[in-house]
Amino acid sequence: MGNRRSFLRKTIVGSIAAGIGVNLGQAAELFDAHTLSAEGGPLFISTWNHGLAANAEAWKTLEAGGSILDAVEAGVKIPEADPEVSSVGYGGFPDAEGHVTLDACIMGPDGNAGSVTYLQEIMHPISVARRVMEKTPHVILSGAGALKFAEDQGFKRENLLTDNMQKEWEAWKASGARYAPQANWENHDTIGMIGIDGQGNIAGACTTSGMAFKHPGRVGDSPIIGAGLFVDNEIGAATSTGEGEAILKTLGSFLVVENMRNGMSPKQACKAAIERLTQKVRVHPQMQIAYIAVNKSGQTGAFSLRPGFQYAIHSYNNNKLENVDHLMEW
Ligand code: ASP
């Protein structure tokens, strides 16, 4: 219903602009339902520049009558299937043994959540996470069990290691290098997306292939509710990117939402969570962390540990990348 209402609102805006004589009382009733973006409409925000295409798809899905949950799922499926995005889904960097292993989670306005960790050979882990949420009494399925569940649900097994990534992995192995975090890597890492519809219903999705050449079995923050993503439909939502271990130790996305609950703006809330992290976790020279957040009024904000992070914001007729303030220099 939220979508119908928001798009009704859009239609009325259009009608007013076109001078078609819409009754003002009727328009006011629709407008005061919820104050969202400055442009007065639904809103999507996503991490990194691959967030632009993801936002556009989410918007299209909402506009076509999908729910806010459908929209965030559809949005993050774009980088999941894109072989050029080397940090999410198909075409992602493999682990130290050459396997692409995926982490994803999704959370809806009703507070329900689903997640998969260490999932292999499935193109869209976010859709499996949604099935975990909707078809099981559980929140997280992992590894072989997650794969079995996905197959039972009709998902096809596919090879996710592209030729390019096979070469990268062989070169990495041949170099004798050990795993090390790489920040702002190709300027696009995990995709975390938050969407808010015309009635203020909030949903989020987060999906990643994790750190390049990670130890087999490693699970990051992205599929962990409260770390990589958290939604509280009464307050707002947050999602993260960067070195998952530090985010996990501070339950970063939950902390951002709690900061908003205590009165901070989304940007202040993200900044305070980054500051907390620097007090609690050893910050090494390669570490990058970033949070993005939306509150119930549709205000957005973000903050990163170090320079280089951007996030994509989609409101009416406008899908743009925004630079984000940071706490310290490299
Ligand atoms: N947060 C992700 C992880 O630790 C990686 C990233 O966003 O760069 O798996």
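Note that the coordinates shown come from a computational prediction; the quantities given were computed from them, not determined experimentally.

## A closer look at the site of the ligand
Phase 1: The environment of the ligand is formed by Asp189, Thr190, Gly210, Met211, Arg218, Asp221, Ser222, Thr241, Gly242 and Gly244.
Phase 2: The side chain of threonine 190 places a nitrogen or oxygen atom 2.6 Å from an oxygen atom of the ligand.
Phase 3: Between the ligand and glycine 242 there is a distance of 2.6 Å, counted from a nitrogen atom to a backbone nitrogen or oxygen.
Phase 4: For the ligand, whose accessible area on its own is 270 Å², the fraction buried by protein is 98%.
Phase 5: Its residues assigned to classes, the shell around the ligand comprises one nonpolar, six polar and three charged.

## Quick word on the packing of aromatic side chains
Phase 1: Within this structure, the stated rule accounts for six aromatic pairs.
Phase 2: With a centroid separation of 4.9 Å and 90° between ring planes, the pair formed by tryptophan 48 and phenylalanine 309 is classed as edge-to-face. Of this pair, tryptophan 48 sits in the loop between strand E1 (43-47) and helix H3 (51-63) while phenylalanine 309 sits in the loop between strand E10 (300-304) and strand E11 (310-315), and the two are 261 residues apart along the sequence. Accessibility assignment for this pair places tryptophan 48 and phenylalanine 309 in one class, buried.
Phase 3: Note on tryptophan 172 and phenylalanine 213: the rings are 4.5 Å apart at their centroids and 10° apart in plane angle, and the pair reads as stacked. With a gap of 41 residues between them, tryptophan 172 in helix H7 (residues 163-174) and phenylalanine 213 in the loop between strand E6 (202-208) and strand E7 (229-232) connect regions that are remote in the sequence.
Phase 4: Accessibility expressed as a relative area gives 6% for phenylalanine 213, which makes it buried.

## Concerning the sheet that holds strand E3 (residues 113-120)
Phase 1: As summarised here, the arrangement of the eight strands in space is E4-E3-E2-E6-E5-E1-E11-E12, forming an open sheet in which the pairing is mixed. A strand with exactly one partner marks an edge of an open sheet, and here the two such strands are strand E4 (140-142) and strand E12 (318-323). Between one strand axis and the next, the sheet turns by 10° as a mean value, whatever way the strands run.
Phase 2: This element, H3, spans E1, strand E5 (191-196), E11 and E12 of the sheet and lies at about 155° to E1.
Phase 3: This element, helix H6 (residues 143-152), spans E3 and E4 of the sheet and lies at about 110° to E3.

## Focus on the sheet that holds strand E8 (residues 236-242)
Phase 1: Strand order across the open sheet formed by four strands is E7-E8-E9-E10, with antiparallel pairing between neighbours. A single partner strand is all that each edge strand has here, and the edge strands are E7 and E10. In this sheet, neighbouring strand axes are inclined to one another by 10° on average, regardless of whether the strands run parallel or antiparallel.
Phase 2: Bridging between E8 and strand E9 (residues 289-295) involves seven bridges; their strand directions are antiparallel. The residue of E9 that forms the bridge with threonine 241 is alanine 290.
Phase 3: The strands that helix H9 (residues 252-261) touches are E7, E8 and E9; relative to E8, the one it contacts most, it runs at about 145°.
Phase 4: Strand contacts of helix H10 (residues 266-280): E9 and E10, with the helix running at about 150° to E9, the strand carrying the most contacts.

## Details of the packing of helix H5 (residues 125-135) against H6
Phase 1: Running from amino to carboxyl end, H5 crosses H6 at an angle of 80°, the nearest separation of the two axes being 10 Å. The orientation of H5 relative to H6 falls into the category roughly perpendicular. The residues of H6 that touch H5, namely those facing Val128, Arg131, Val132 and Lys135, are Ala146, Phe149 and Ala150.
Phase 2: In terms of residue class, the contact of H5 with H6 is built from five nonpolar, no polar and two charged.

## A word on the environment of threonine 207
Phase 1: For threonine 207, the position within the fold is in strand E6.
Phase 2: Here threonine 207 falls in the buried class, since its relative accessible area comes to 0%.
Phase 3: Sequence separation between threonine 207 and valine 116 is 91 residues, and the spatial gap between their C-alpha atoms is 9.5 Å.
Phase 4: Apart from the residues lying within four places of it in its own chain, the contact partners of threonine 207 are Val76, Glu80, Val88, Asp103, Ala104, Pro125, Thr190 and Ile191.
Phase 5: Within the local environment of threonine 207, its side chain forms a polar contact with the side chain of glutamate 80, the two groups lying 2.7 Å apart.

## Comments concerning H9
Phase 1: Counting buried positions over the 10 residues of H9 gives eight, a clear majority of the element.
Phase 2: Taken together, the buried positions of H9 are Gly252, Ser253, Leu255, Val256, Val257, Glu258, Asn259 and Met260.
Phase 3: Those residues of H9 that are buried are in contact with E7, E8, helix H8 (244-250), H10 and E9.
Phase 4: Glycine 263 occupies a position one or two residues after H9 and carries a positive phi of about 105°.

Definitions and cut-offs
- Residues numbered from 1 in each chain as written.
- Predicted model: local features only at pLDDT ≥ 70, side-chain atom pairs only at ≥ 80, totals over all residues.
- Heavy atoms only, no water.
- Near = heavy atom within 4 Å.
- Polar contact = N/O pair within 3.5 Å; in protein donor to acceptor, adjacent residues only side chain to side chain.
- Areas by Shrake-Rupley, 256 points an atom, 1.4 Å probe, with all protein chains shown as cover.
- Nonpolar A, V, L, I, M, F, W, Y, C, P; charged D, E, K, R; others polar.
- Phe/Tyr/Trp six-rings, centres within 6.5 Å; stacked < 30°, edge-to-face > 60°.
- Helix = DSSP H or I, 4+ residues; strand = E, 2+ residues; numbered from the N terminus.
- Buried < 20%, exposed > 50% of the residue type's maximum accessible area, 1.4 Å probe, protein only.
- Pairing = 2+ DSSP bridges.
- Axes fitted to C-alpha atoms, helices over the stretch in contact; angles between N-to-C directions.
- Contact = heavy atoms within 4.5 Å.
- Parallel < 35°, antiparallel > 145°, perpendicular 65-115°, else oblique.

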